[in-house]
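Close look at the chain arrangement
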Amino acid sequence: MNWELVFTANNIRRLLIGDFPPALGGVALTLTLAALGIVASTIIGFAIGYARFAGSRPVRWLATGYVEFLRNIPLLILIFWAYFAPPYFGYTPSKFGSVLVALVLFNAAYIAEVLRSGLLSVPVGQIEAARAVGMSPTQQVLYVVLPIAAYNVIPALTGRYITLLKNTSLAFLIGLTELTEIGRQINNRLLTAPIEVYATLLLIYFLLNRSLSAGMGLFEDRLRFNRVFCRFAK
Amino acid sequence: MIKLDWSILLGDGGERLIEGAKVTLQLAATSLVLALVLGFLFGVVRWLQIRPLEPICWLYVEFSRNAPPLVQILFWYFSATVVLPGWAIVILRDYGFQFVAASFALGVYHSGFVAEIVRGGLNAIPRGQYEAAQAIGFTIPQTVGSILMPQLLRVIMPMLTSEAVSLVKNTSLALAIGVTEITYQARYIDVYTFRGVEALLVVTAFYLVTCLAIAGCGSLLQRFLQRNRRIAA
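What you are looking at is a predicted structure, and each value in this text was computed from that prediction instead of being measured.

1. A few points about the overall build of chain B
- The helix and strand inventory of chain B stands at nine helices and zero strands.
- Ordered by position from the N terminus, the helices and strands of chain B form the series α-α-α-α-α-α-α-α-α.
- For chain B, the C-alpha atoms occupy an extent of roughly 70 × 45 × 30 Å along the three principal directions.
- Buried residues in chain B amount to 46% of all 233 residues.
- Across chain B, contacts joining residues at least 24 apart in sequence account for 81% of those joining residues at least 6 apart.

Here is the structure:
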């Protein structure tokens, strides 16, 4: 085992931030992709999930078609569409942009499904109570239905976020210098220590994912605490 | 808007895609079998809570689920050449070394999920079922065969189906180590003819049809498993 070959100051630096000035890479780029992807796909996914649940009939059909289509093709195909197809139409996308778009569209489909199951789990009594105290339909959705649904789906969302973080590794197949690509470059340069390099990568991803799920767990505990003690923000 | 030229899919291009589809299905089948075997094994062992094995199983399941499948494919592919003895590599090379590495990695990755599904399903079977089986004098094989398995499969079949679908989708990652599956062939056609949109369209349709077919088979199987279900009044 040649761990000292892998853990040189230069390699560690590259794994963490890539060739930072100028090109951000490594763990930093992976986390940037994941963070942007999580925020955007949650927003879009919630919109589609809500549309599928409560939209008019054509809207529901569109949303269902979107979800069923994107859940049944590989993310890699989507990334290839986003990166290799636009040049045929006279537009050259950036690597980062295409990966992000593909990641967001793909995971939004799953998050839409997650939210839909959450919406189905909202007890009818809650909605009746909201109506009884005179809330308008918009208020019912914003203050009662969506908060309860979002709280109920936190565990399922955590699973999706972890998958999204894992999915960022696919970006290396079009040459974006995120963590996997940096690892591959280090491996190609060393040649003699593949196990050490890739085991390091596995370990880094493992730690990132465990911290993500631990963070979501803390967030959920916090929300539960606020719920139990009725500490709602006013 | 570009004009699609389907003629590139006649002849060589089309043959490539058909070959690629075969490899994709083979890869999916091999890794699905491996994932089911390993997954049931680890799931049952975790459910039984055998003390000395517990940390090992936990580590296996957590690592296989939390590391990206792509990195696992690269890991097994590149480390196998270092770890395995020479004769084993010679044998594996005849089967296509990349293919073996990719199916092993995908099998391991999905076995973690299958293990958790199986454990959850086993936990969902009420204790009273085993006690009842014991009370009317069932042997252990009888209990497993006619009490445990039917209920377990009924509970876990939908989740296993979606796992199988995601496995088929993940086979596209094998192109990273040069397995000639269908996504690889689409890239090949794009690189050599500069007409990749047609090939990508075909490949997208292929995945769509395959995944929907698996989901359909899964729900048929689920209906079959539910056939004799009586709900106690």
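2. What to know about the overall build of chain A
- Within chain A, the secondary structure is distributed over 11 helices and two strands.
- When the helices and strands of chain A are listed from N to C terminus, the series reads α-α-β-β-α-α-α-α-α-α-α-α-α.
- The principal-axis extent of the C-alpha atoms belonging to chain A is close to 70 × 50 × 30 Å.
- Within the span of chain A, comprising 234 residues, buried residues form 47% of the whole.
- Total accessible area on chain A is roughly 11,400 Å²; 68% of this is exposed by carbon and sulfur atoms.
- Looking at chain A, you have 19 positive and 10 negative side-chain charges, and the mean spots of the two groups are 9 Å apart.

3. Topic: the packing of helix α4 (residues 57-71) of chain A against helix α6 (residues 95-120) of chain A
Residue and element names in this part refer to chain A.
- Closest axis-to-axis distance for the α4/α6 pair is 9 Å, and the angle between their directions is 120 degrees. In terms of orientation, α4 and α6 fall into the oblique class. Between α4 and α6 lies a crossing whose hand is left-handed. For the pair formed by α4 and α6, the contact residues are Tyr-66, Val-67, Leu-70 and Arg-71 on the first element and Leu-105, Phe-106, Ala-108, Ala-109, Tyr-110, Ala-112 and Glu-113 on the second.
- Among the residues making up the contact of α4 with α6, the classes are represented as nine nonpolar, no polar and two charged.

4. Let's talk about the interface of chain B and chain A
- Counting residues at the interface gives 41 residues for chain B, matched by 34 residues for chain A.
- With both sides pooled, the region where chain B packs onto chain A buries about 3,500 Å², and carbon together with sulfur makes up 79% of that total.
- Put simply, chain B and chain A have one salt bridge between them.
- Among the ionic pairs, Arg210(A) bridges to Glu62(B), the shortest N-O distance being 2.5 Å.
- Taken together, chain B and chain A are joined by 10 residue pairs in polar contact (both at pLDDT 80 or more).
- Among the elements of the structure, α2 (54-66), α3 (69-83), α5 (97-124), α7 (140-170), α8 (182-193) and α9 (196-225) of chain B are those that each provide at least two residues to the side of chain B that touches chain A.
- Of all the elements, α9(B) adds the most residues to the side of chain B that touches chain A, at 10 residues.
- Among the residues forming the side of chain B that touches chain A, the class breakdown is 28 nonpolar, seven polar and six charged.

5. A short note on empty space enclosed by the protein
- This model, assessed by the stated rule, comprises one cavity of 30 Å³ or more.
- Looking at the largest cavity, its volume works out to about 40 Å³.
- Along its surface, the largest cavity is lined by Phe84(A), Tyr88(A), Ala186(B), Arg187(B), Asp190(B), Gly196(B), Val197(B) and Leu200(B).
- Elements with a contribution of two residues or more to the lining of the largest cavity: α8 and α9 of chain B.
- A breakdown of the residues in the lining of the largest cavity according to their chemical character gives five nonpolar, one polar and two charged.

6. Focus on the packing of aromatic side chains
- Per the counting criterion, the structure on display carries 15 aromatic pairs over all chains.
- Centroid distance Tyr83(A) to Phe84(A): 5.0 Å. Interplanar angle 70 degrees. Geometry classified as edge-to-face.
- The class for Phe84(A) is buried, based on a relative accessible area of 19%.
- Each residue in the set Tyr198(A), Tyr77(B), Phe78(B) and Phe97(B) is aromatic and connected to the rest through ring pairs, giving one cluster.
- We note Arg187(B) situated over the ring of Phe84(A); from NZ or CZ to the ring centre the distance is 3.3 Å.

7. Some remarks on a nonpolar patch on the surface
- Taken together, Met1(A), Trp3(A), Phe7(A), Ile12(A) and Leu16(A) make up a surface patch of nonpolar side chains, about 520 Å² in accessible area.
- Judged by its relative accessible area of 42%, Phe7(A) is partly exposed.

8. Points about the environment of Pro74(A)
All names here are of chain A.
- By the secondary structure assignment, Pro-74 is in the loop between α4 and α5 (75-84).
- Pro-74 sits in the buried class, given a relative accessible area of 1%.
- With 76 residues separating them along the chain, Pro-74 and Ala-150 place their C-alpha atoms 27 Å apart.

9. What to know about the layout of surface pockets
- There is about 1,300 Å³ of room inside the largest pocket.
- Taken together, 43 residues form the lining of the largest pocket, with Tyr110(A), Arg160(A), Thr163(A), Glu163(B) and Ser166(B) sitting closest to its centre.
- Classifying every residue of the lining of the largest pocket gives 20 nonpolar, 12 polar and 11 charged.

About the thresholds
Residues numbered from 1 in each chain as written. Chains lettered and ligands numbered in written order. Predicted model: local features only at pLDDT ≥ 70, side-chain atom pairs only at ≥ 80, totals over all residues. Heavy atoms only, no water. Helix = DSSP H or I, 4+ residues; strand = E, 2+ residues; numbered from the N terminus. Buried < 20%, exposed > 50% of the residue type's maximum accessible area, 1.4 Å probe, protein only. Contact = heavy atoms within 4.5 Å. Areas by Shrake-Rupley, 256 points an atom, 1.4 Å probe, with all protein chains shown as cover. Lys, Arg positive; Asp, Glu negative; His and termini not counted. Charge placed at Lys NZ, Arg CZ, Asp CG, Glu CD. Axes fitted to C-alpha atoms, helices over the stretch in contact; angles between N-to-C directions. Parallel < 35°, antiparallel > 145°, perpendicular 65-115°, else oblique. Left-handed = near helix turned anticlockwise from the far one by under 90°. Nonpolar A, V, L, I, M, F, W, Y, C, P; charged D, E, K, R; others polar. Buried area = accessible area lost by both parts, 1.4 Å probe. Salt bridge = Lys/Arg side-chain N within 4 Å of Asp/Glu carboxyl O. Polar contact = N/O pair within 3.5 Å; in protein donor to acceptor, adjacent residues only side chain to side chain. 1 Å grid on protein atoms, 1.4 Å probe; cavity = no way out; pocket = protein on both sides within 12 Å on 5 of 7 lines; lining within 4 Å. Points joined across faces, edges and corners; volume = space filled by probe spheres on them. Phe/Tyr/Trp six-rings, centres within 6.5 Å; stacked < 30°, edge-to-face > 60°. Lys NZ or Arg CZ within 6 Å of the ring centre and 35° of its normal. Patch = residues over 30% accessible without salt bridge, like charges linked within 9 Å, V, L, I, M, F, W, Y side chains within 5 Å.

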